[in-house]
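Secondary and tertiary structure notes
The residues making up each chain are set out below.
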Amino acid sequence: MLGERRSAILGLIIDYYIKTGEPLGSKNLCLMLPYSISSATIRNEMAFLTSVGFLEQRHTSGGRVPTKEAYRYYVENIIKPEPLNAYEKSRIDEVLSVNASDPERLLSDASKLLSELTGCASFYSTVKDPFDCVQGVELIPAGNSKAMLVMLSLGGKIKSSVCNVSCNIDEDFRNLFYSIVKERFIGVQLSEINLSLIQSTAPLLGERVFDMLPLLSSLCSLCNEAAQSSLVINGETKLLSQSELRDDVYSLLVLLARKKKLEALLGDFSKANIKTALFIGNENPVYEMKNTVTAIAKLNYNKTQIATLGVIGSLRIDYKTILPRIDYIIKRVSSILKEGGIKYE
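What counts, and where the lines are drawn
The numbering scheme is per chain: residues are counted from 1 as the chain's sequence reads. Owing to the predicted nature of the model, reporting of local features is limited to residues with pLDDT of at least 70; listing and counting of side-chain atom pairs is limited to 80 or more, with chain, interface and lining totals taken over all residues. Calculation of side-chain values draws on the structure's entire complement of heavy atoms; hydrogens and water are dropped beforehand. Only runs of H or I of at least four residues qualify as helices and only runs of E of at least two qualify as strands under DSSP, and these elements are numbered from the N terminus. Whether a residue is buried, partly exposed or exposed follows from its accessible area with a 1.4 Å probe, protein chains only, as a fraction of its type maximum: under 20%, in between, or over 50%, in that order. Here the nonpolar core consists of buried residues drawn from Ala, Val, Leu, Ile, Met, Phe, Trp, Tyr and Cys, with membership extended through side-chain atoms lying within 4.5 Å. Whether two residues are in contact is decided by their heavy atoms, any of which lying within 4.5 Å being enough. Here the expected length of a helix is defined as 1.5 Å per residue gap, with one fewer gap than residues. DSSP calls a pair of strands paired once it identifies at least 2 bridges connecting them. Note on geometry: axes are C-alpha line fits, over the in-contact stretch for helices, and angles between N-to-C directions span 0 to 180 degrees. Each salt bridge in this description consists of a side-chain nitrogen of Lys or Arg and a carboxyl oxygen of Asp or Glu lying within 4 Å of one another.

Some points on unusual backbone geometry
Positive phi, close to 75°, is recorded for Lys 259, a residue that is not glycine. Of note, Lys 259 is situated in the loop between helix H11 (249-258) and helix H12 (260-271). By relative accessible area, which is 26% here, Lys 259 ends up partly exposed.

A short note on the nonpolar core
Generally speaking, nonpolar side chains in soluble globular proteins are found buried as a group. Core analysis: the biggest nonpolar cluster contains 57 residues, and Leu 10, Tyr 319 and Val 333 have the highest contact counts within it. Examining the composition of this core, we find that ten residues originate from one element, helix H13 (residues 319-338), more than from any other. Setting aside anything within four residues of it in sequence, one finds Leu 10 in contact with Leu 2, Leu 49, Phe 54, Leu 55, Ala 70, Tyr 73 and Ile 78. The next biggest cluster of nonpolar side chains, apart from the first, holds 30 residues, and it includes Val 165, Leu 190, Val 209 and Cys 223.

Focus: helix H1 (residues 4-20)
Taking 1.5 Å as the rise per residue, H1 with 17 residues should run 24 Å; its terminal C-alpha atoms sit 24 Å apart, in good agreement. Three or more residues of H1 are buried, namely Ser 7, Ile 9, Leu 10, Gly 11, Leu 12, Ile 13, Ile 14, Tyr 17 and Ile 18. For H1, the secondary structure elements touched by its buried residues are helix H2 (26-32), helix H3 (39-51), strand S1 (55-57), strand S2 (64-66), helix H4 (68-78) and H13. Positive backbone phi, approximately 80°, marks Gly 21, located one or two places after H1.

Points about the sheet that holds strand S9 (residues 292-301)
The five strands are arranged S7-S3-S10-S9-S8 in an open sheet whose pairing can be described as antiparallel. With one partner strand each, in any of the chains shown, strand S7 (230-234) and strand S8 (276-280) form the two edges of the open sheet. Within the sheet, the average angular offset between the axes of one strand and its neighbour, ignoring direction, is 15°. Where H13 meets the sheet, its contacts fall on S8, S9 and strand S10 (305-314), and the angle it forms with S9 comes to roughly 15°.

Some thoughts on the pattern of salt bridges
Overall, the coordinates contain 15 salt bridges when judged by the stated rule. For Glu 283, the salt bridge is made with Arg 72, and the minimal N-O distance between the two is 2.6 Å. With Glu 283 in the loop between S8 and S9 and Arg 72 in helix H4, this residue pair connects regions lying 211 residues apart in the sequence. Given the relative accessible area of 33%, Glu 283 is considered partly exposed. Among the ionic pairs, Arg 208 bridges to Asp 211, the shortest N-O distance being 3.1 Å. We classify Arg 208 as partly exposed; its relative accessible area is 21%. By relative accessible area, Asp 211 is classed as buried at 18%. Where salt bridges share partners, they join Arg 5, Arg 6 and Glu 45 into one cluster.

Shape is all these values report; function is a separate question.
Structure (structure tokens):
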């Protein structure tokens, strides 16, 4: 642990570098400290901070700037987080309340909000659950030979599509549809619903088989989609404006576009016995993210479902304001998800 004076000096250097991207010299540092101290003493203290790996001199004639290790010490021991005011909390709560009963849309709203409030890239993912199954299906006539099909899984996933129907959706048709759904789909694992299952319904449909086939095929597609894990990224172009990433931004954007390495990281994280993590610099398991700050939270809901939510930004993010906002959004989303998910009648 650093003493009070060294912590104050390191904190001022990091705050200044976060704000300007420039090193802070000893003369200006003297003026910023709340007590009198000579430039020579400050230079000695900066030399010490360099020797323990908290400052580095990137160019021979340049000043010293924080190292990745310094940001970790700064987060854990120096910063005083700036709490959200009542208006900020109210706005966040309002945005998150819109789709509170739909986990995936809630996660999508939270991810967009994270990107907006942090100026970073954000993401959310849902983890594949091999035991998730169909809980309910709704058929809604939409006119002009169209109908909307809505599928709800036991894990709270809602998928919908609009289908073309070649006949009138009268009471007899609806009764037949719901009868088939109840017998062959309700309670069946999403991963087991395939074309073979659809074909097995033919003897039950009789002459209505061709009328019903588009709906059942669409239902199969919805179940297949819900059975897969997903990863959605928002605000990745905001990384272009973060000057600290200028040498790494191309490889980072390629990483986010291809998704595979990030999906693997989130998959491993979802299995770990931790709820949240803040990776700073080299703590990131993925090489392309070695110069970023990555915050990840694991969210559990509907007993068996797992999702992740987080942000990716440069090392020069404004930790004092950004970390409290990430924390508040994650806690609100977690609370909403735990309150019960979907009710299906």
